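Structural description and commentary
The lines below spell out each chain.
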Amino acid sequence: MSIFGQINLMDPATPIQEEMLLFHDHALVLLIGIFMFVVILGMNLIFNKLSSRTMLEAQQLETIWTIIPALLLIWLALPSLRLLYLLDEQPSDGLVLKSTAHQWYWSYELPYNGMAFDSYMVPLNDLTSGLYRLLEVDNRVTLPYEINTNIITTSADVLHAFAIPSMGLKMDAVPGRLNSMNMFINFPGVYYGQCSEICGANHSFMPIVIESLF
């Protein structure tokens, strides 16, 4: 859960989110390097002459500033492709959780124990101390940790999106279509998310809460 004044991203709760944070840091190193290089060039342009006889035509320089950006793009693309393929991994073992989006609540089905229930946001008047405003629900999804869980989502009306930032989950809930992602929770806890698609007037009032237990 995010806190006030937090600068960095939320702590990861799944291996996929850990990989996403590593890729974020990897890309940030490149961006900071490019930014510093541009700043140095800009300072040189300010404090030096505006033209140079030797810079009007330089085949070697043009070759260098073509090859180096290409190498930097490869350095960025390889871990990106690796992460993309990791997101598509679907282990055959584990549990299945089906999530159906409605305007504006979620319905869940757990085939392994035959449970099916709806999950509505808790109204402001019913909140007790310690519960989060606009994020708490009346029925939480309870899942064990350190077990692969295949989350299948769809929609009963319009486009929605099932998103839990700390788990690296974000997939569209499309009417008439099933989308799925794998989730492996590292440790017990309570994880909050929301519909991240503008699905109507009450779009902000359909939170997602997953509670991972021993």
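Residues numbered from 1 in each chain as written. Predicted model: local features only at pLDDT ≥ 70, side-chain atom pairs only at ≥ 80, totals over all residues. Heavy atoms only, no water.

1. Considering the UniProt feature "domain: Cytochrome oxidase subunit II copper A binding" (unreviewed entry) in the chain
Quick note on the threshold: UniProt positions are given in the numbering used here, feature names are shortened, and annotations may be inferred rather than shown by experiment. Segments assigned H or I by DSSP are reported as helices when at least four residues long, segments assigned E as strands when at least two residues long, and all are numbered from the N terminus.
Within the UniProt annotation, "domain: Cytochrome oxidase subunit II copper A binding" (unreviewed entry) is assigned to residues 92-214. Taken end to end, residues 92-214 is 0% helix and 50% strand, and its first and last C-alpha atoms sit 22 Å apart.

2. So, the domain arrangement of the chain
As a reminder of what qualifies: Source of the domain bounds: an automatic or database domain assignment. In this description, contact between two residues means that some pair of their heavy atoms is separated by no more than 4.5 Å. Simply put, the buried area is the total loss of 1.4 Å probe accessible area from both parts when two parts are fitted together. Identification of polar contacts relies on pairs of N or O atoms within 3.5 Å, with a donor-acceptor requirement for protein atoms, meaning one able to donate a hydrogen and the other able to accept it, and with residues adjacent in sequence counted only if both atoms are side-chain atoms. Charged means Asp, Glu, Lys or Arg here, nonpolar means Ala, Val, Leu, Ile, Met, Phe, Trp, Tyr, Cys or Pro, and polar covers whatever is left, Gly included.
Considered domain by domain, the chain is made up of domain 1 (15-88) and domain 2 (95-212). Each partner contributes to the interface: domain 1 provides six residues, whereas domain 2 provides seven residues. Summed over both partners, the interface of domain 1 with domain 2 buries about 450 Å², with 52% contributed by carbon and sulfur atoms. Contact with domain 2 buries surface across domain 1, with Pro-15, Gln-17 and Leu-87 losing the most and accounting together for 73% of the total. Remark: the boundary between domain 1 and domain 2 carries three residue pairs in polar contact (both at pLDDT 80 or more). No other element matches helix α1 (residues 15-47), which puts five residues into the side of domain 1 that touches domain 2. Grouping the constituent residues of the side of domain 1 that touches domain 2 by class yields four nonpolar, one polar and one charged.

3. Topic: the UniProt feature "transmembrane region" (unreviewed entry) in the chain
On the UniProt side, "transmembrane region" (unreviewed entry) is annotated at positions that read residues 27-47 and 67-87 here. Annotated as residues 27-47, this span is 100% helix and 0% strand, and its ends, taken at the C-alpha atoms, are 31 Å apart. Secondary structure within residues 67-87 divides into 100% helix and 0% strand; the distance between the first and last C-alpha atoms comes to 31 Å.

4. Here's the deal with the sheet that holds strand β4 (residues 141-144)
Threshold: Between any two strands, at least two bridges found by DSSP are needed for them to pair. To obtain an axis, a line is fitted to C-alpha atoms, over the contacting stretch when the element is a helix, and the angle between two such axes runs from 0 to 180 degrees between their N-to-C directions.
One open sheet accounts for five strands, arranged β4-β10-β9-β6-β7; its pairing is mixed. In the strand order of this sheet, the two ends are held by β4 and β7 (169-173), each with one partner. On average, adjacent strands in this sheet sit at an angle of 25° to one another, irrespective of strand direction. Sheet topology places strand β9 (residues 189-195) next to strand β10 (residues 207-213); six bridges connect them, and they run antiparallel. Residue pairing across strands places Tyr-191 opposite Ile-210, the latter belonging to β10.

5. Section: unusual backbone geometry
Glycine aside, the phi torsion of most residues is negative, and most peptide linkages are trans. Following Gln-103, the chain continues to Trp-104 via a peptide bond in cis, the omega torsion being 0°. Note on placement: Trp-104 falls in the loop between β1 (95-102) and β2 (105-110).

6. Describing the nonpolar core
Quick reminder of the rule: Working definition of a nonpolar core: buried Ala, Val, Leu, Ile, Met, Phe, Trp, Tyr and Cys residues. They are joined through side-chain atoms within 4.5 Å. Each residue's exposure class comes from its accessible area (1.4 Å probe, protein chains only) as a fraction of the maximum for that residue type: buried when under 20%, exposed when over 50%, partly exposed otherwise.
Within the largest apolar cluster, 25 residues are counted, with the highest numbers of intra-cluster contacts made by Phe-162, Met-167 and Ile-210. Every element with two or more residues in this core is listed here: β1, β2, β4, β6 (160-164), β7, β8 (179-184), β9 and β10. Here Phe-162 is in contact with Ser-99, Trp-106, Tyr-108, Ile-151, Thr-153, Leu-169, Lys-170, Met-171, Ile-208 and Ile-210, once residues within four sequence places are set aside.

7. Quick notes on the sheet that holds strand β3 (residues 115-119)
With mixed pairing, five strands are arranged side by side in an open sheet as β3-β2-β1-β5-β8. In this open sheet, the two edge strands, each paired with only one partner strand, are β3 and β8. Between one strand axis and the next, the sheet turns by 20° as a mean value, whatever way the strands run. As paired elements, β1 and strand β5 (residues 148-155) share seven bridges and run parallel to each other. The partner of Ala-101 across the bridge, within β5, is Ser-155.

8. Overview of the pairing of β1
Counted residue by residue, β1 has six buried out of eight residues, so it is predominantly covered. Inspection of the sheet shows β1 paired to β2 by five bridges, in the antiparallel sense. Bridged to Lys-98 within β2 is Glu-109.

9. Observations concerning the packing of aromatic side chains
What counts is decided by this rule: The rule is short: rings of Phe, Tyr and Trp, with Trp giving its six-membered ring, pair when the centres are within 6.5 Å, and they are stacked under 30 degrees, edge-to-face over 60, tilted in between.
Applying the stated criterion across every chain yields a total of four aromatic pairs. Summarising the aromatic geometry, the rings of Tyr-108 and Phe-117 are spaced 5.7 Å apart at their centres and angled 40° between planes, so their arrangement reads as tilted. Note on accessibility: Tyr-108 and Phe-117 belong to one class, buried. Taken together, a centroid distance of 5.2 Å and an interplanar angle of 80° make the contact between Tyr-132 and Tyr-192 edge-to-face.

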